[in-house]
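Here is what each chain is made of, one letter per residue.
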Amino acid sequence: GPPRLRALPMDGGRAGPQEADADCRSAADVQGAVQGCKHGPDDKLVLDASADHGGAPAASDAHETHGPRVKPLSIVNAVASAVVNFLLMFGLCCAYGMIMFNDDWNRRHRALGVKMNLVTAMIFGLLLAWKSKIGVAIGGPDLNPVVFLGGFVQSIAEDIARQQFLVIPAGDHRRLADDRLWTPLARCLGASSASSDEEFCEGAHFQANEGSCVEYHEQLRATTIFAVTVSSAVLGLLFFCLGRLRGTRYVAMVPTSVMEAFLSCVGYKVMKYALKFCKYDPRQFLPAACIGVPLYFIKAMHLGNPAVVIPLFLLLPLVVYYAWIFGSGSDLEAARDLKHMFPHMENVDFWRLWADGVGKADKINLRAWVTTLPDFAVMIVVVTLDCLLKISSTEGKLGVAVHKDHEIQLHGVGNVATVACCSTVGYMQLKFNVINYGILGNLKDRRAGAIYALLCGVCFFTSIELFNYLPRFFLGILLFFAGAGFVAENLWGSRKYLCFREWLQILVILGVFIITGGLHFAVLVGGCLTGLDFISRYSKVKSIVGKPMKGSELTTRDRHAPLLASHIRHVVGAWLLVIRLKGFIFFASAQALTTYVRSELERQDGVPAYRRLRYVVFDCKMLDGMDASASKAMKILTEDADERGFRILWCHVSPERCDELERRTIVQSRADCFDNLEGLLKDIHGQALKYCCAIRERWLQVHP
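Residues numbered from 1 in each chain as written. Predicted model: local features only at pLDDT ≥ 70, side-chain atom pairs only at ≥ 80, totals over all residues. Heavy atoms only, no water.

Here we look at the pattern of salt bridges
- Within the structure shown, the criterion is met by 25 salt bridges.
- The closest approach of N and O atoms between D533 and R501, which form a salt bridge, is 2.8 Å. Of the two residues, D533 is situated in helix α21 (residues 519-538) and R501 in helix α20 (residues 500-516); the sequence distance between them amounts to 32 residues.
- Each of R221, R352, D356 and K360 takes part in one network of salt bridges that share partners. (Salt bridge = Lys/Arg side-chain N within 4 Å of Asp/Glu carboxyl O. Helix = DSSP H or I, 4+ residues; strand = E, 2+ residues; numbered from the N terminus.)

Right under this line is the structure:
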């Protein structure tokens, strides 16, 4: 335990032998602890497991030192954790493939989307198990980029169809029920009233437009692979540069309210996909929500053993469903006819990622890909911040110091492999890290991540036939499980640490996204809202330190006769006004500053000439800088003051800042800038002394 401090004897005498021995042992403990410590990332002090602590068991991190008892390494726990994480990831990869190609007329490409995500899970599972400094780290594809990729596919499909003179149906049949009460709610959730029976590149429509439909699907497939590869390449390069240049601390400059709003938009989109996969049927999405949402809170609050709770919540509904299907004398094909199961998904060979992408480069439609660039710009910001949030949140959830620059640089290296495999971008997955740690009970066992990656690899290289046995509500469970986190943490949970005005911004941005359906519109509204909020809030912060001081309140080191010093102080008190500036002056705060100075100048209109203010001094000792708008406002103020017979001076100005003021024509010459206030006061006092002498000479002429 930590060394205890012993109070010194009150009589000032020496401590006894037992007390002296205790002091020596405490000192030795302190010395051993210091020798066994090292500076971790972010200047945190962590215990070094390699240090010798006098036979005491060493700890590799703070969580193991002060947290619950650490479980020993166990292959059984590793396999159990790998299987649980694989089942969860496989289901999510299937959902991701469905999200990427969510329209029914593009369902032939869904297997390709599933494979794109499975290979990312395999790559990052192996990479983090091998090189991450967090032993229980598990990586893979994430919901955030997949939602953006789904928007990419939709934009690409619409543009290609337009080029092929094909008309995509306006929507599918998404009413929650036949009851009119559900119809407005369905439309609010993004549903449309078009019939799903309308064909597109199928049946009679395909026969009438065979050549255009074949070209449409080939271009859609090749362009989607190209778009996914480019997004992985750009994000991977950005991850690597941020880690290499130690720039992770600069990414957090995005306003929290805007980031939470974007993630809330993603959460809404996920919930919408969950409803869509359940065909907006309350008999499917209500059970899915009643299982998926509680599962999230059980995982978030660490209730129960994850090795038991998660399989129970995922597998028990499947057992009950299949018991109901076969117990009623039905079969899977009848369930597919009733829309309880997805249409049969044909497996695609893993090499189709290259054969249909690079192998058909002539089918890549760059004109259609360009339509995704506005959303791609938003994707870069959101996904980069999401990656950093998952890394930093792992530090808090697991209680271990995380080297953020190393981890995100490792993600950049890993995405080189995803680019080579034409797959989605990957990075660390927080929920999987927590589940893995909860089952393993330690932070060292890397075998679970490796086994999980191998299981994902088996499905990637062989078949995804398992998907055809998953009912619609099962994918709904997974999406409600994933979407509940966005709602609980980003939408509702953010109100705990945001003020009401900032939380209202989240609701407005989310409302704009729901109404318009475009994230770039939400980005514009979010930027305007935060900008206006920043201006209105920080324009109220005064850029003046304390109360402006008159010249009579300031003194210099020069000494004069008492009567003469009184005369100088009297004159300078009327002539001089010193305003101490602070912080960074921008256009809004500059308006308040110039308004105050103008009011002081206008007050001099009724003052006799000999008592009027002559000098206004800006003390820049605590000033950080000015933007271009503030500089322009100060220039206009200087010109107005000069026309009215006042002179504006600057003190505590460095040569560099003086050059900047002169370049922006705020000052006419360096004579208006002073190194410090003392030198400026001496100059003003010297002029006041000449004025007093001139007055004295005038009196002497009147009375010789």
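What about the state of the cysteines?
- Tallied over the entire structure, the rule returns one disulfide.
- At a sulfur-sulfur separation of 2.3 Å, the disulfide partner of C201 is C213. The sign of the S-S torsion, about -90°, decides the handedness of the disulfide formed by C201 and C213: left-handed. One end of the pair, C201, is in the loop between α6 (182-188) and α7 (203-208); the other, C213, is in helix α8 (residues 210-244), and 12 residues separate them in sequence. (Disulfide = S-S within 2.5 Å.)

Considerations on α20
- Taking 1.5 Å of rise per residue, the 17 residues of α20 would be expected to cover 24 Å, and the 24 Å separating its terminal C-alpha atoms lies within 8% of that figure.
- For α20, the complete set of buried residues consists of E502, W503, Q505, I506, I509, L510, V512 and F513. (Expected span 1.5 Å × (residues − 1). Buried < 20%, exposed > 50% of the residue type's maximum accessible area, 1.4 Å probe, protein only.)

Thoughts on the confidence of the model for the chain
- With 85% of its residues at a pLDDT of 70 or more, the chain has an overall mean of 82.
- Between residues 1-68, whose pLDDT stays under 50, and residues either more than four places distant or in other chains, the model counts 60 contacts.
- Contacts of residues 172-196 to residues separated by more than four positions or lying in other chains number 42 contacts, the stretch itself having pLDDT below 50. (pLDDT = per-residue confidence, 0-100. Contact = heavy atoms within 4.5 Å.)

Examining a nonpolar patch on the surface
- On the surface, I75, V76, V79 and V83 cluster together into a nonpolar patch covering about 320 Å² of accessible area.
- On the secondary structure map, V83 appears in helix α3 (residues 75-100).
- Overall, the relative accessible area of 36% leaves V83 in the partly exposed class. (Patch = residues over 30% accessible without salt bridge, like charges linked within 9 Å, V, L, I, M, F, W, Y side chains within 5 Å. Areas by Shrake-Rupley, 256 points an atom, 1.4 Å probe, with all protein chains shown as cover.)

Description of helix α15 (residues 373-398)
- Taking 1.5 Å of rise per residue, the 26 residues of α15 would be expected to cover 38 Å, and the 37 Å separating its terminal C-alpha atoms lies within 8% of that figure.
- In the stretch just after α15, G399 is the one whose phi turns positive, near 70°.

Side note on the environment of V214
- Checked against the element boundaries, V214 lands in helix α8.
- In the structure, V214 is positioned 13 residues away from C201 in sequence and 8.3 Å away in space, judged by C-alpha atoms.

Thoughts on the sheet that holds strand β7 (residues 615-626)
- With mixed pairing, four strands are arranged side by side in an open sheet as β5-β6-β7-β8. Of all strands in the sheet, those bounded by a partner on one side alone are β5 (549-550) and β8 (647-651).
- The strands touched by helix α22 (residues 562-575) are β5, β6 (576-585) and β7; relative to β6, the strand with the most contacts, the crossing angle is about 50°.
- Docked against the sheet, helix α26 (residues 677-702) engages β6, β7 and β8, running at close to 145° with respect to β8. (Pairing = 2+ DSSP bridges. Axes fitted to C-alpha atoms, helices over the stretch in contact; angles between N-to-C directions.)

Brief notes about the packing of helix α4 (residues 110-131) against helix α18 (residues 447-461)
- Taken N-terminus to C-terminus, the directions of α4 and α18 make an angle of 155°; their axes are 8 Å apart at the nearest point. In terms of orientation, α4 and α18 fall into the roughly antiparallel class. Classified by chirality, the crossing of α18 by α4 is left-handed. Contacts between α4 and α18 involve K115, L118, V119, A121, M122, G125, L126 and A129 from the first element and G449, A450, Y452, A453, L454, C456, G457, C459, F460 and F461 from the second.
- Class assignment for the residues of the contact of α4 with α18 results in 14 nonpolar, three polar and one charged. (Parallel < 35°, antiparallel > 145°, perpendicular 65-115°, else oblique. Left-handed = near helix turned anticlockwise from the far one by under 90°. Nonpolar A, V, L, I, M, F, W, Y, C, P; charged D, E, K, R; others polar.)

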